[in-house]
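Each chain, letter by letter, is given below.
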Amino acid sequence: MQEASPAQVHVHTPPTSFLRKHVFSLDHKVIGLQYYGLALAAVTLGMVLSWLMRFHLVWPTVAVPGLSLISKVGAPGGIITPEYYLSLLTMHGTLMVFFVLTNAPFAAFGNYFLPIQIGAEDMAFPRFNMMSFWTTLAAFLVLITAFFIPDGPPISGWTAYAPLSAIGSDAGPGLGWGQTLWAISIALFCAGSLLGALNFISTTLDLRAKGMTFMRMPICTWAWFITSCIALLAFAVLLPACLLLILDRTAGTSFFIPSGLVVSDRLQPHAGGSPLLWQHLFWFFGHPEVYIAILPSMGIVSHVLMASMRKPLLSAKVIIYSMLSIGFLSWMVWGHHMFVSGMNPFSSLVFSFPTLTITIPATIMTLIWLGSLYGANIRMTAASLFALGFISMFVSGGVSGFFLAQPSIDIYLHATYFVVGHFHMVMGVASIFGVFAGTYFWFGKMTGRMLNETLGKVHFWITFIGTYCIFMPFHYLGLVGNIRRYSTFVDDFMGPLMPLHKFITIAALITGAGQLIFLFNLFHSRFWGKPAAQNPWEGTSLEWSIPSPPPWNNFGDVHPVVYHDSYQYGVKGSKGDYVMQDSPEQAVGG
Amino acid sequence: MSSTTYTPVAVAQVRTSVNVTARSAADGASRSGVWVAIFAITMSFAAFTSALFVREGGSVDWTHLVLPPILYANTMVLLLGSVTLWMASRTVNAHALLDSHAVKTVMGWLMATLVLGLLFIGGQYEAWLQLAAQGLFLATNPNSSFFYVFTGMHILHLLGGIAALVYVIGQVFGSHTTFRRAAFHNTAIYWHFMGVLWLYLLFVLRTKL
Amino acid sequence: MGKFFAVILVIIAIASAYPIIAHKYVQPEDISTHGHAIDEQLSDTMAESGFAFLGAQFVLAFFVWKFTARKDGTKVSHLPGGAKVMVVAAFILVGTEVLALGVFGQKAWASVYFTAPKPDDLQVQVQAGQFAFYFRYPGPDGKFGPLHPDKIDEGNSNFFGLDPANDVEARDDVVAAELAVPVNREVHLMMHAKDVGHSFYVRELRLQQDFVPGLDLSLHFTATKPGKYEILCTQLCGLGHYNMKAYLDVMTQEDFEKWMKDKISEQ
């Protein structure tokens, strides 16, 4: 009797049918590209929504052509109602946080490059991987459906605070089916992300090539690995929260709805639930989510920077340890979102300390990036510009965190534009800069054709200056006490601030339009770009040891062996000032 | 700062071809996968449990619920399933290669486990019917809500175990050559975890509801 | 491109900091007894963060200026001291800042949340509902009548769900749509949400607190300057959220007594 032989266990043959190759593909590279495409669709939609919001804020009575076709109720004659504004902000936040900031830096690039960077043929569980993408896509479609139902999309914000989100249509249109679709979508998203995280972790633990010790893994592999550990815990908490929310909404339970609520003149048939329970569960996920968005970009930026600077970081180890401690601390800070939400005031002080402490590893990382630039020989590519822009943005968004981490200042600034400016810069823009850096860096590897560098640089300058013009003034508005989630500023107080709001809106329109350059570059270069060499940036990690684009099984029929860490820049190697990870060259002297 | 100098050396045997290590790596990954999944599921139920504590803490409508006695019988059934699965593991471990006799024994224990698992699910359903007969539905009070949610979520996860068990049985049944030890052992780990998880849930239900 | 990057970055950093340094955008005048502590904390943090912001951007600009596409060959060098210096610097810079801000921040927070309301303060109940605030004063008997959610009837102006027919305490309760308070007297605000989450935010008072349905919280403050100030709901509460506001009317003691007398006679 024979048991299955190894060859029979892993019979991998290249997929032949179109569906298997490009649609229901098990190949991590195709799945990575699919995630990237999904994120691109989501970010385009999310950005258009933000345009509509900005437009409404400063020209509330001017019609947006064609908008009435999408929502007759929300935008009669193309004029956005203040109510529809709430739908727009809810959908904008949900799309951006979940389908862009989680998908692009983590799921898309992670899927494509994590197996390659550790020298694996594929993810540990290719079928789960495929399921994870299709579940995420289903989540996206469910969410988008909310635009087309009669009641319109939900209006409770991306945080969906109960009981507003739990009561149902009594609380207002959009809180009926729209909110239910939202909850189902996020539950699906959680399930998809859990499958993805499970795959990332198992792959990193067990499928590393010979010689690929943990400390030899590239920093972005580390970032994806740490992120997947955070995601595993975070989404494992949000999923139950969403299930309980769905039950409250559809089955009449009272997890989040207390007794005695009178909504739309109707005494609600619920009793005893706890609105703060939702906030705790949500933010227990929500704060780590911030790091799910930013850590992969930190990793990508470190990776790109080294190839641009032609020297290693001052200490990659310190960066890795900093990311680990950020990941660890991220579990102790969720309460800082709830300083004024009725939590015990002592808890606020307790949550304030780890929140302030988390700035230490963040500062260490920033100083390491800055210090590493000293003595470098920077090659200024579009990718390196975005990586440097990331550092600038991360600092700008980071320092405003100092304010919000202190409960006493938060009393004044909570729910103002200061908060909006803070998280857009540090979590939104910085993370997206990491994605842009990664795109300009890896596009050649992924498609076999290089992106146009000149267009890339133009794109950078518009985006860099533009995002500062948009989000820096948010802080000023917040200092004056301009609160967020208000759709029309009609009173005397807001009058003097309108010029600043107009400036922001115009900057947003221009910056958004600048992204068309990027889209054009993606599309044009995909077909007509310069063919990509195997190692155009003279990088050291394993993705540069294989053709562009890589064959379906990454390394052909051989398994790479790794001899070095991925930081061998600024050395004397046989090819130049770097030594590849899989090069058996031996160091002499040193 | 002097930079390290590298010299090329003769490239010999730097690339190994696909061999047994590839398989053990894949098996290792699936073992890690099971533990990672267990970790995530634990976290989920920790979230459910803390929801229960918070919900109980701030409410005036927390009541008391008499657990349907059949739950204890179900518990015995599920634990017995773990025992039969353990017997199957013993047989597998005792044979470096599964001969047809060993296959028969393993099949027997696996089928017993599957039947006990299904019986457990049937028993849990009966517990729901008994509660419903008392007029306690999902939305009746917080205690009944948590009862249905906890048991329902456990069954949902157990169905994953059932699917894995069916897959392993298929492997053993289809042809001896398709038997994969790793799949078998990982299924066993998950199945035993389902038992442990149920004991924990029963403890929470018993003490808090 | 490196020099260009550096110049643009310096311009951005200075342009970003200018409105702050020039005090173009500042919080409105503080009218509370505790607000100065928050304002001081805010300006201290602004100084420290501003220093960190400008410092980091300038260093980034300088290094990019100096170390881009160097003509002196490809030989790279490293910062003297290396990573250790950076880690130590981060701990000293941020660590002390964390401690300082954390410790001093406590004081301002404590002045809002950890002091007990005075026994002779003015008790007012505020109810937030979609999409209005209502304020209730206990009336001459000094007692609030109990709330009956099922009795809420906005058509008949029974916003709180009072039952004067059966509850003696409720008969003289004064209900208003604005929050009138006497100057320099502590106000004890009892917060009640009728339907979903709301928030009570008065910029000038440096006060913000959420209403949590099912959980009645309380706040206390002393307003020091007569005038009318906006009360805003800052917690997204549904369709009319943007319209949910009321006014805080701080009056002299005499004006307040007169106001109260008028209200009682209106009842």
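(A) Quick look at the overall build of chain B. Across its full length, chain B holds five helices and two strands. For chain B, the N- to C-terminal ordering of α and β elements is β-β-α-α-α-α-α. Out of the 209 residues in chain B, the part that is buried amounts to 33%. Taking as baseline every contact in chain B between residues at least 6 positions apart, the subset at least 24 positions apart corresponds to 79%.

(B) The overall build of chain C, seen in detail. Check the secondary structure of chain C and you find four helices and 10 strands. When the elements of chain C are put in sequence order from the N terminus, they spell out α-α-α-β-β-β-β-β-β-β-β-β-β-α. Its C-alpha radius of gyration of 27 Å places chain C more than 25% over the 18 Å reference for a compact globule of 267 residues. Along the longest, intermediate and shortest principal axes, the C-alpha atoms of chain C span 95 × 35 × 30 Å. Out of the 267 residues belonging to chain C, those deemed buried represent 42%.

(C) Representation of unusual backbone geometry. Residues and elements named next belong to chain A. The omega torsion across Ala-162 and Pro-163 is 0 degrees, close enough to zero to call that bond cis. Residues Ser-548 and Pro-549 are joined by a peptide bond in cis, for which omega reads -10 degrees. One can find Pro-549 in the loop between helix H18 (498–528) and strand S3 (558–559). Its identity is not glycine, yet Ala-160 carries a phi of approximately 45 degrees, on the positive side. Inspection of the secondary structure puts Ala-160 in the loop between helix H6 (126–145) and helix H7 (164–167).

(D) Region of the structure containing the packing of helix H2 (residues 35–66) of chain C against helix H3 (residues 82–113) of chain C. Residue and element names in this part refer to chain C. Taken N-terminus to C-terminus, the directions of H2 and H3 make an angle of 160 degrees; their axes are 9 Å apart at the nearest point. By the angle between their axes, H2 is roughly antiparallel relative to H3. Judged by the sense of rotation from one axis to the other, the crossing of H2 with H3 is left-handed. Here Ala-37, Ile-38, Gln-41, Thr-45 and Glu-48 of H2 lie close against H3, whose contacting residues are Glu-97, Leu-101, Phe-104, Gly-105, Lys-107, Ala-108 and Ser-111. Along the lines of polarity and charge, the residues of the contact of H2 with H3 split into five nonpolar, four polar and three charged.

(E) Summary view of the interface of chain C and chain A. The interface of chain C with chain A comprises 86 residues on the first partner and 86 residues on the second. Sorting the residues of the side of chain C that touches chain A by element identifies helix H1 (2–21), H2, H3, strand S6 (198–202), strand S7 (207–211) and strand S9 (227–232) of chain C as the ones contributing at least two each. Ranked by the residues each element gives to the side of chain C that touches chain A, the list is headed by H3(C), at 19 residues.

(F) A look at the nonpolar core. All names here are of chain A. Residues Leu-232, Ile-368, Phe-386 and Ala-437 are the most contacted members of the largest nonpolar core, which totals 343 residues. The dominant element in this core, judged by the number of residues it contributes, is helix H9 (residues 219–250), at 24 residues. Phe-386 has contacts with Phe-433, Phe-436, Ala-437, Tyr-440 and Phe-460, leaving out every residue within four places of it along the chain.

(G) Fine view of the confidence of the model for chain B. All names here are of chain B. On average, residues of chain B score 88 in pLDDT, and 89% of them are at 70 or above. Mean pLDDT across the elements of chain B bottoms out in strand S2 (residues 16–17) (40) and peaks in helix H2 (residues 70–94) (96). The low-confidence segment residues 10–20 (pLDDT under 50) makes 14 contacts with residues lying over four places distant or belonging to another chain.

(H) Quick peek at the sheet that holds strand S3 (residues 174–176) of chain C. Residue and element names in this part refer to chain C. Spatially, the five strands line up as an open sheet ordered S3-S2-S1-S5-S8, and their pairing is mixed. The open sheet is flanked by S3 and strand S8 (217–222), the only strands paired with a single partner. Sheet twist, expressed as the mean angle between neighbouring strand axes with direction ignored, is 25 degrees. For strand S1 (residues 122–129) and strand S2 (residues 132–137), the ladder comprises five bridges, and the chain directions are antiparallel.

(I) Local environment of the environment of A:Phe443. Residues and elements named next belong to chain A. Looking at the element boundaries, Phe-443 is found in helix H16 (residues 417–447). Placed 193 residues apart in sequence, Phe-443 and Thr-250 show a C-alpha to C-alpha distance of 45 Å. When residues no more than four places from it in sequence are discounted, the contact partners of Phe-443 are Met-450, Leu-451 and Ser-525.

(J) Spotlight on the pairing of S6(C). Residue and element names in this part refer to chain C. Across the five residues that make up S6, a large majority, five, are buried. The two faces of S6 match: His-198, Phe-200 and Val-202 on one face and Ser-199 and Tyr-201 on the other face are all buried. The pairing of S6 with S7 spans five bridges and is classified as antiparallel. Each bridged residue has a counterpart across the sheet, and for Phe-200 the counterpart in S7 is Gln-209. Linking S6 to S7, which pair antiparallel, is a turn of four residues; within it Arg-206 sits at a positive phi near 55 degrees.

(K) Up close: H18(A). Residues and elements named next belong to chain A. Its 31 residues place the ends of H18 45 Å apart at the C-alpha level, agreeing with the 45 Å of an ideal helix rising 1.5 Å per residue. All buried positions along H18 are accounted for by Leu-500, Ile-504, Ala-507, Ala-508, Phe-518, Asn-521 and Ser-525. Buried residues in H18 make contact with helix H3 (28–58), H16 and helix H17 (453–480).

(L) Fine view of the packing of H9(A) against helix H10 (residues 275–309) of chain A. Residues and elements named next belong to chain A. Two elements in contact, H9 and H10, have axes separated by 8 Å at closest approach and are oriented at 165 degrees. With respect to their mutual orientation, H9 and H10 come out roughly antiparallel. Where H9 crosses over H10, the two elements pack in a sense that is left-handed. Broken down by class, the residue content of the contact of H9 with H10 amounts to 26 nonpolar, four polar and one charged.

Procedures and definitions
- Numbering of residues starts from 1 in each chain and follows the order in which that chain's sequence is written.
- Each chain gets a letter, beginning with A, and each ligand a number, beginning with 1, in the order they are written.
- Predicted model: local features are reported for residues with pLDDT of at least 70 only, side-chain atom pairs are reported and counted for 80 or more only, and whole-chain, interface and lining totals are derived from all residues.
- Helix numbering and strand numbering both begin at the N terminus, where a helix is a DSSP run of H or I of at least 4 residues and a strand a DSSP run of E of at least 2.
- Three exposure classes are used, based on other C-beta atoms lying within 10 Å of a residue's own C-beta, which is placed from the backbone: buried for 20 or more, exposed for 12 or fewer, and partly exposed in between.
- Contact criterion: two residues are in contact if their C-beta atoms, reconstructed from the backbone, are within 7 Å.
- To get the radius of gyration, use the C-alpha atoms; to get the globule rule, take the number of residues to the power 0.38 and multiply by 2.2 Å.
- An axis is simply a line fitted to the C-alpha atoms; with a helix, the fit covers only the stretch in contact. Between two such axes, the angle follows the N-to-C directions and lies from 0 to 180 degrees.
- Here the word oblique covers every angle except those under 35 degrees (roughly parallel), over 145 (roughly antiparallel) and from 65 to 115 (roughly perpendicular).
- A clockwise turn of the near helix away from the far one marks a right-handed crossing, whereas an anticlockwise turn of less than a right angle marks a left-handed crossing.
- Residue classes follow a fixed rule: Ala, Val, Leu, Ile, Met, Phe, Trp, Tyr, Cys and Pro count as nonpolar, while Asp, Glu, Lys and Arg count as charged, and any other residue, Gly among them, counts as polar.
- Defined on buried residues, the nonpolar core groups Ala, Val, Leu, Ile, Met, Phe, Trp, Tyr and Cys residues joined through C-beta atoms within 7 Å.
- Known as pLDDT, the predictor's confidence for each residue is given on a scale from 0 to 100.
- Strand pairing is assigned whenever DSSP detects at least two bridges linking the two strands.
- Given the number of residues in a helix, its expected span is that number minus one, multiplied by 1.5 Å.

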